[in-house]
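Structural overview for review
The primary structure of each chain is shown beneath.
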Amino acid sequence: MLRGIYPGSFDPVTLGHLDIIRRSSRLVDELIVGVLYNKAKTPLFSVKERVRMLKEVTKDMPNVKIEPFEGLLVDFARRSKADIVFRGLRAITDFEYELQMAQTNHKLEPEVETVFLTTSLEYSYLSSTMVKEVAAFGGDISQFVPDYVSDCIKEKMNVKGECKL
């Protein structure tokens, strides 16, 4: 069984993320979307909320599992018995960082390969940070995230008082 991991913070999951999830899930028997808990960051959504959102928006993909993790990606890959780590690339600046990470991960765990997928052109500009910023200023984010995620963002930002949509 060929198993892959697509790791990220997914705060929030965007249509660009879903594009990479959909495409990478066709290349493996099982794809684990690893939702990173990073103590150094203050996310809009908790890991539990991000996992819930991802489960909802990937429910039509039977070979996709959503799991939280913290710590080193290679340790998560070992525990998950993954063969491949998928990473999405939007621009050359992504490549420089991702290449460095892939080489470090390969040094730590030579049995796990990294595969880069270029983001579909229609999502090449899209980031979670941009989505949150547009939402915070009351902009329409429906073209950037699934409807369910858009509703979650609006609800969360209203609760936090960051914007009134």
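Preceding block: the structure.
Residues numbered from 1 in each chain as written. Predicted model: local features only at pLDDT ≥ 70, side-chain atom pairs only at ≥ 80, totals over all residues. Heavy atoms only, no water.

**Observations concerning the pairing of strand β3 (residues 64–69)**
As defined by bridge partners, strand β2 (residues 30–36) adjoins β3 across six bridges and the pair is classed as parallel. By the bridge assignment, Val33 is partnered in β3 with Ile66. Crossover handedness for the path β2 to helix α2 (residues 47–57) to β3: right-handed. (Pairing = 2+ DSSP bridges. Helix = DSSP H or I, 4+ residues; strand = E, 2+ residues; numbered from the N terminus. Right-handed = clockwise from strand over helix to strand, strands pointing away.)

**A look at helix α3 (residues 73–80)**
All buried positions along α3 are accounted for by Leu73, Val74, Phe76, Ala77 and Ser80. Around the axis of α3, the buried residues are gathered within 160 degrees of arc, so they sit on the same side. Those residues of α3 that are buried lie in contact with β1 (3–8), β2, β3, β4 (84–89) and α4 (92–108). Looking one or two residues past α3, Lys81 carries a phi angle of roughly 55 degrees, positive in sign. (Buried < 20%, exposed > 50% of the residue type's maximum accessible area, 1.4 Å probe, protein only. Arc of directions from axis to C-beta. Contact = heavy atoms within 4.5 Å.)

**Re the packing of aromatic side chains**
How two aromatic rings sit relative to each other is set out by the distance from centre to centre and by the angle between their planes. If you walk through the whole model with that rule in mind, you get four aromatic pairs. Where Tyr125 meets Phe144, the ring centres are 6.1 Å apart and the plane angle is 75 degrees; that geometry is what we call edge-to-face. Placement of Tyr125 in the loop between β5 (113–118) and α5 (128–136) and of Phe144 in the loop between α5 and α6 (147–160) is noted, with a sequence separation of 19 residues between them. Overall, Phe144 belongs to the buried group, its relative accessible area being 9%. (Phe/Tyr/Trp six-rings, centres within 6.5 Å; stacked < 30°, edge-to-face > 60°.)

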